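Below are the chains, spelled out letter by letter.
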Amino acid sequence: MRHLLSTRDLPRAEAIEVLDVAEEMADTGTREVRKLPALRGKTVVNLFFEDSTRTRISFEAAAKRLSADVINFAAKGSSVSKGESLKDTVQTLGAMGVDGIVIRHGASGAPRVLADSAWVDAAVVNAGDGTHEHPTQALLDAFTMRRRIHGADSRGRDLDGVRVLIVGDVLHSRVARSNAWLLRTLGAHVTFAAPPTLLPVTPRPFGAAVHHDLDAALAEAPDVVMMLRVQQERMHDAFFPNPREYTRHYGLTAGRFAALPDRTIVMHPGPMNRGLEIAGIVADDPRSTVVEQVANGVSVRMAVLYLCLTGGDRTGAPTTSTPTAEEATA
Ligand code: CP
């Protein structure tokens, strides 16, 4: 894997490989020495033009656990505010020597432009571009589902037949899009529940089935309910009458949660609007995977950085539950 730009064009075998390598990375997290030498001598730049808590910190933790040097760049406070272009910013970083660029950008397609350009010779990982894709979020979501469903027997498995209901602001959600592509590649059945105003105008958006009635969709007893954040910062129009109406029709309230089967898990990529799309009591329930998703994000991003920056070269990869002398001093 040279770059990770999207899940739409990620083959099933490569997706399973990322999830399986992430399992190995997660195993190293239980050891006394959690650091691996796999990316020693390599430099990863976190290039964030949009705000982030989870993704940026998770990529930083992942790169550091693999012994890479990490440079954090935030557009706020940089020469971007003086009008510097993406090309000039990237060429400036490239001149300092970088092996991997993790980019979050408000413009859909910016990571692809960077990967296809000759501005810098580095692996490019999309950390969220506009309303287009957020591939590592989808991979960590799939990893979390696989672990909850298959447990210790997860390696090599897909999500064949798993029924996933994705609820809310699909229109503005790169998480929904990346999940829909990846989950379908892994054999899951994906349904969206959303008001018509918050769905793309097409009969089967991203190949998913559609419900406009959340209660009818929940009555089908999905295995996974994934709530999406209402992205008010991207809404320049009235997409629903008011927050109370939204919660009444599309919120995962305590009442709706209580009616779900015990096996159904609840996911949310964060950050959450507690009380709007998800009740606080639901977010904090043991069947909610919100915190688990964040923890799994580090393992999945370690796997993605490792595969993109080394091409899967096993030197320095985690192999045993006991650190080698080299790993111990990494
Ligand atoms: N899920 C997610 O992308 O969160 P952040 O915006 O905090 O990175």
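Calculation criteria
Residues numbered from 1 in each chain as written. Predicted model: local features only at pLDDT ≥ 70, side-chain atom pairs only at ≥ 80, totals over all residues. Heavy atoms only, no water. Pairing = 2+ DSSP bridges. Helix = DSSP H or I, 4+ residues; strand = E, 2+ residues; numbered from the N terminus. Axes fitted to C-alpha atoms, helices over the stretch in contact; angles between N-to-C directions. Contact = heavy atoms within 4.5 Å. Buried < 20%, exposed > 50% of the residue type's maximum accessible area, 1.4 Å probe, protein only. Polar contact = N/O pair within 3.5 Å; in protein donor to acceptor, adjacent residues only side chain to side chain. Parallel < 35°, antiparallel > 145°, perpendicular 65-115°, else oblique. Left-handed = near helix turned anticlockwise from the far one by under 90°. Nonpolar A, V, L, I, M, F, W, Y, C, P; charged D, E, K, R; others polar. Right-handed = clockwise from strand over helix to strand, strands pointing away. Salt bridge = Lys/Arg side-chain N within 4 Å of Asp/Glu carboxyl O. Near = heavy atom within 4 Å. Areas by Shrake-Rupley, 256 points an atom, 1.4 Å probe, with all protein chains shown as cover. Domains from an automatic or database assignment. Buried area = accessible area lost by both parts, 1.4 Å probe.

A. Seen up close, the sheet that holds strand β2 (residues 69–74). Taking strand neighbours across the sheet as the criterion, the four strands line up as β2-β1-β3-β4 in an open arrangement whose pairing is parallel. What marks the edges here is a single partner per strand, and that holds for β2 and β4 (123–129). Strand after strand, the sheet turns through a mean of 15° between neighbouring axes, direction not considered. Across the face of the sheet, helix α2 (residues 54–65) comes into contact with β1 (43–48), β2, β3 (100–105) and β4 while running at roughly 180° to β1.

B. Focus on the environment of S6. Following the sequence through the fold, S6 ends up in the segment before α1 (12–28). Residue S6 is classed as buried on the basis of its relative accessible area, which comes to 6%. Considering only alpha carbons, one finds S6 and P37, 31 residues apart in sequence, at a separation of 27 Å. With sequence-adjacent residues up to four places away left out, S6 is seen in contact with E133 and P135. Of the polar contacts made by the side chain of S6, one reaches the backbone nitrogen of R8; its length is 2.9 Å.

C. Just the packing of helix α5 (residues 135–150) against helix α6 (residues 174–185), in detail. Close contact between α5 and α6 brings their axes to 8 Å; oriented N to C, the two are set at 55°. The angle between the axes of α5 and α6 places the two elements in the oblique class. The two elements α5 and α6 cross, and the hand of that crossing is right-handed. Facing α5, whose interface residues are P135, Q137, A138, L139, D141, A142 and M145, α6 presents V175, S178, N179, L182 and L183. Here the contact of α5 with α6 is built from residues that sort into eight nonpolar, three polar and one charged.

D. Summary view of the side chain of H268. One can find H268 in the loop between β9 (265–267) and α10 (280–283). Reaching out from H268, the side chain makes a polar contact with the backbone nitrogen of G270 at a distance of 2.8 Å. Engagement of the side chain of H268 in a polar contact is seen with the side chain of E277, the distance being 2.8 Å. With near-sequence residues (within four places) excluded, H268 lies in contact with M227, L228, R229, E277, I278, V290 and Q293.

E. View of the pairing of β1. Counting buried positions over the six residues of β1 gives six, a clear majority of the element. Side-chain alternation along β1 places T43, V45 and L47 on one buried face and V44, N46 and F48 on a second face that is also buried. Bridge analysis of β1 against β2 gives six bridges, and the strand direction is parallel. Note that in β2 the partner of V45 across the bridge is I71. Each parallel crossover has a hand, and the one from β1 via α2 to β2 is right-handed. Across five bridges, β1 lies against β3 in parallel orientation. Looking at the pairing, L47 lines up with I103 of β3.

F. How the structure looks around the pattern of salt bridges. Under the counting rule described, the total for this entry stands at 16 salt bridges. For the salt bridge of E60 with R56, the shortest nitrogen-to-oxygen distance reads 3.0 Å. Within this pair, E60 and its partner R56 are both found in helix α2, separated by four residues, close to a single helical turn. Each of R56, E60 and K64 takes part in salt bridges that share partners, so that together they form one network.

G. Layout of the site of the ligand. Residues in close proximity to the ligand include S52, T53, R54, T55, R104, H134, Q137, P269, G270 and P271, which together make up its full environment. Contact distances for the ligand include 3.0 Å between a nitrogen atom and a backbone N or O atom of P269. Within the backbone of G270, a nitrogen or oxygen atom sits 3.0 Å from a nitrogen atom of the ligand. Its free accessible area being 260 Å², the ligand has 90% of it covered by the protein chains. By residue class, the composition of the shell around the ligand is two nonpolar, six polar and two charged. There are two domains that each give the shell around the ligand at least three residues, and those are domain 1 (12–134 + 293–328) and domain 2 (135–289).

H. Local environment of the domain arrangement of the protein. Splitting the protein by domain gives domain 1 (12–134 + 293–328) and domain 2 (135–289). When each unit is reduced to the centre of its C-alpha atoms, the spacing between domain 1 and domain 2 is 26 Å. Listed as interface residues are 31 residues of domain 1 and, on the opposing side, 35 residues of domain 2. Roughly 2800 Å² is buried in total at the junction of domain 1 and domain 2, and carbon and sulfur atoms are behind 53% of that figure. In this structure, the connection of domain 1 to domain 2 is made through five salt bridges. Across the pair R146 and D20 runs a salt bridge, and its minimum N-O distance is 2.9 Å. Here domain 1 and domain 2 share 20 residue pairs in polar contact (both at pLDDT 80 or more) between them.

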